[in-house]
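One letter stands for each residue in the lines below.
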Amino acid sequence: MSDKKAMRKRLFIDPKVQGALVARVVFYWVVCLVTITLMLLCWRVVTGPARLFYTHFNDMWFYYGPALIASFLLLPLVIVDIIRLSNRFAGPLMRLRRSMRDLARGEYVEPVEFRDADFWHDFADEFNAVAARLQEQAAPRTPEAEADASEEPDDLVAASTA
């Protein structure tokens, strides 16, 4: 496997998609913290001795503050992981989009290959079949090439129906 195929240079390649995923992770983290805090507060008020409301916050910070700090420290790791995971589908889609633009302009397009860990290898295979068909139709035909084409079965149609 070539170095180009093995590793992308950038992890954050589609800001719209990957940024939405990062924002969603941070949103869920905040919602989770607020929910847990409210549940713990309600539990302490209902099951604990009667006392002033604000004193519960001091006790909660003492008992649960380290867990809050630990989750805050883990948040960047989760964000980096979600960016790396999303790179496995955002990268291939960016590559397909770039190749489709080239194909639409009538340029020759090399077959698209994804890294082994990427998602959607089937898209690459189907795109390659379509690109080969379009490039074959766009190529100037000679009488010899047409005679050869009529003698050979159409592998692309057979591959796409399988």
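It should be noted that the structure appears before, not after, this text.
How each quantity is defined
Counting of residues starts from 1 at the beginning of each chain's written sequence and follows it residue by residue. For a predicted model such as this one, the threshold for reporting local features is a pLDDT of at least 70, and the threshold for listing and counting side-chain atom pairs is 80 or more; totals across whole chains, interfaces and linings nevertheless cover every residue. Excluding hydrogens and water, the side-chain values take into account all heavy atoms of the structure. Going along the chain from the N terminus, every DSSP run of H or I of four or more residues is numbered as a helix, and every run of E of two or more is numbered as a strand. We call two residues in contact whenever any of their non-hydrogen atoms come within 4.5 Å of each other. The definition of a polar contact used here is a pair of N or O atoms within 3.5 Å, where within protein one atom must be able to donate a hydrogen and the other to accept one, and adjacent residues in sequence count solely through side-chain atom pairs. Whenever Lys or Arg places a side-chain nitrogen within 4 Å of a carboxyl oxygen from Asp or Glu, that contact is recorded as a salt bridge. Throughout, exposure labels follow a simple rule: accessible area from a 1.4 Å probe, protein chains only, divided by the maximum for the residue type, with under 20% read as buried, over 50% as exposed, and the rest as partly exposed. For Phe, Tyr and Trp, rings pair up if their centres lie within 6.5 Å, where Trp contributes its six-membered ring, and each pair is then called stacked (planes under 30 degrees apart), edge-to-face (over 60) or tilted (otherwise). Whether a charge sits over a ring comes down to the Lys NZ or Arg CZ being within 6 Å of the ring centre and within 35 degrees of the ring normal.

### Considerations on the environment of Met60
Position of Met60 relative to the elements: it lies in helix 3 (residues 55–104). Separated by 19 residues in the primary sequence, Met60 and Leu41 have C-alpha atoms spaced 7.7 Å apart. Every residue in contact with Met60, bar those within four places of it in the chain, is listed here: Thr37, Leu40, Leu41, Arg44 and Gly65.

### Remarks on the side chain of Ser86
With respect to the helices, strands and loops of the structure, Ser86 is situated in helix 3. Here Ile83 takes part through its backbone oxygen, which lies 2.9 Å from a polar atom of the side chain of Ser86.

### A few points about the pattern of salt bridges
Tallying each qualifying case throughout the model produces five salt bridges. Here Glu107 ties to Arg105 by a salt bridge, and the two come within 3.0 Å at their closest N and O atoms. For the salt bridge of Asp118 with Arg115, the shortest nitrogen-to-oxygen distance reads 2.7 Å. Taking relative accessible area as the criterion, Asp118 reaches 5% and is therefore assigned buried.

### Remarks on the packing of aromatic side chains
This model, assessed by the stated rule, comprises seven aromatic pairs. Relative to Tyr28, the ring of Phe27 lies with its centre 5.8 Å away and its plane at 50°, an arrangement referred to as tilted. Residues Trp120 and Phe123 carry aromatic rings whose centres are separated by 5.7 Å and whose planes lie at 80° to one another, so their mutual orientation is edge-to-face. A relative accessible area of 37% means that Trp120 is categorised as partly exposed. By relative accessible area, Phe123 is classed as partly exposed at 41%. Three or more aromatic residues joined by ring pairs make a cluster, and in this case those are Phe62, Tyr63 and Tyr64. Note that Arg88 overlies the ring of Phe119, its terminal NZ or CZ placed 4.3 Å from the centroid.

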